[in-house]
Amino acid sequence: MDLSHLLLAHRSIRTYLDHPIDAALIDRVLGESLAGSSSSGNLNMVSVVKTRDLERKAHLATLHFDQPMVLQAPLVLTFCADTFRTRQWLAQREARPGFADFISWHVAAFDAVILAQTAALAFQSLGLGICYMGTTLHSMGAIAEFLELPENCLPVTSMVVGWPAEAPAKRDRLPADAWIHEERYQRPSPADIDARFGERERRGWARYRAMGEEMIQRMEEHGISSLAQFYTSKIKYDPDRFAEDSAALVALLRTRGFLS
């Protein structure tokens, strides 16, 4: 598929057909994705856990806030920042120990995200659908325990993969002048914010209210009258919940050897 067409055709798919994905195809896509992804120092400090077993997917679904697509899709991929394997290699070669610090967490985590996006494009080029799950960040400890990840190894992101059973409309993106800067950061004025977020607000607000009377009622109960208010409400991305989970993440990084 032409790359421009592939990029513009991106959709997050949340409903899937009950069709399996050939195991050899999955491994080929993952292998080619690693070959086609940049990797800091070529250390490949990433691991991917495939989950296809129905019972194990059912448990993963609970950790991902009971999202139905986890059960529908034939494949769940968990992309991990993994310096454990590298540290074992260093130890077996009598090298100085390393890669157990916050910078190493960033290096491995970013490599895992790069690999995940390469794999996403590869799967989509074959007609498969994908959807990332941000819930990974809120359940990192529980997911790590369930997948039996060792120290210095943590999940960074997850995606479901399968044959699409829907063709959703393309989501809006901010206009280029909102995020592309020449030479230095161009701080937006209040008028710039109004102009650049205007269409996003209109379309997003209409989309969420189109979810039905229950959603509208919840918005009214929380006094929500705009898309911005919705995004930081108890319904969507609750700052209180984020603060709690952020503290838990810091503690987890310390427990797993990425913070002293």
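Residues numbered from 1 in each chain as written. Predicted model: local features only at pLDDT ≥ 70, side-chain atom pairs only at ≥ 80, totals over all residues. Heavy atoms only, no water.

(A) Quick peek at the overall build of the protein. Secondary structure summary: the protein contains twelve helices and four strands in total. Taken against the 2.2 N^0.38 rule, which gives 18 Å for 260 residues, the C-alpha radius of gyration of the protein at 20 Å falls within 12% of a compact globule. Within the protein, counting contacts between residues at least 6 apart in sequence, those at least 24 apart form 76% of the total. Roughly 15,300 Å² of accessible area belongs to the protein as shown, and the carbon and sulfur atoms make up 55% of that amount. Of note, the protein has its 28 positive side-chain charges centred 2 Å away from the centre of its 32 negative side-chain charges. (Helix = DSSP H or I, 4+ residues; strand = E, 2+ residues; numbered from the N terminus. Rg over C-alpha atoms; globule rule 2.2 N^0.38 Å. Contact = heavy atoms within 4.5 Å. Areas by Shrake-Rupley, 256 points an atom, 1.4 Å probe, with all protein chains shown as cover. Lys, Arg positive; Asp, Glu negative; His and termini not counted. Charge placed at Lys NZ, Arg CZ, Asp CG, Glu CD.)

(B) Molecular detail of unusual backbone geometry. A positive phi is found at asparagine 152, a non-glycine position, where the angle reads about 60 degrees. Mapping asparagine 152 onto the fold places it in the loop between α7 (140–146) and β4 (153–162). Although it is not a glycine, glutamate 183 adopts a positive phi angle of roughly 70 degrees. Tracing the backbone through its elements, the reader meets glutamate 183 in the loop between α8 (176–179) and α9 (190–209). Residue glutamate 183 is classed as exposed on the basis of its relative accessible area, which comes to 75%. (Buried < 20%, exposed > 50% of the residue type's maximum accessible area, 1.4 Å probe, protein only.)

(C) Layout of the pairing of β4. Within β4, ten of the ten residues are buried, which leaves it mostly tucked inside the rest of the structure. Sheet analysis places strand β2 (residues 75–82) next to β4, joined by eight bridges and oriented antiparallel. Its bridge partner being in β4, leucine 75 is matched across the sheet by valine 161. Pairing of strand β3 (residues 129–133) with β4, which is carried by five bridges, proceeds in the antiparallel orientation. Considered in β4, the bridge of tyrosine 132 is made with methionine 159. (Pairing = 2+ DSSP bridges.)

(D) Highlighting the nonpolar core. Trp105, Phe123, Val160 and Val161 are the most contacted members of the largest nonpolar core, which totals 49 residues. Sort the elements by how many residues they give to this core and helix α6 (residues 102–125) lands first, with nine residues. Valine 161 has contacts with Tyr16, Ile21, Ala73, Pro74, Leu75, Leu77, Phe123, Leu128, Gly129 and Ile130, leaving out every residue within four places of it along the chain. Judged by nonpolar contacts, the second largest core, of seven residues, contains Met219, Ile224, Phe230 and Ile235. (Core = buried A, V, L, I, M, F, W, Y, C linked by side-chain atoms within 4.5 Å.)

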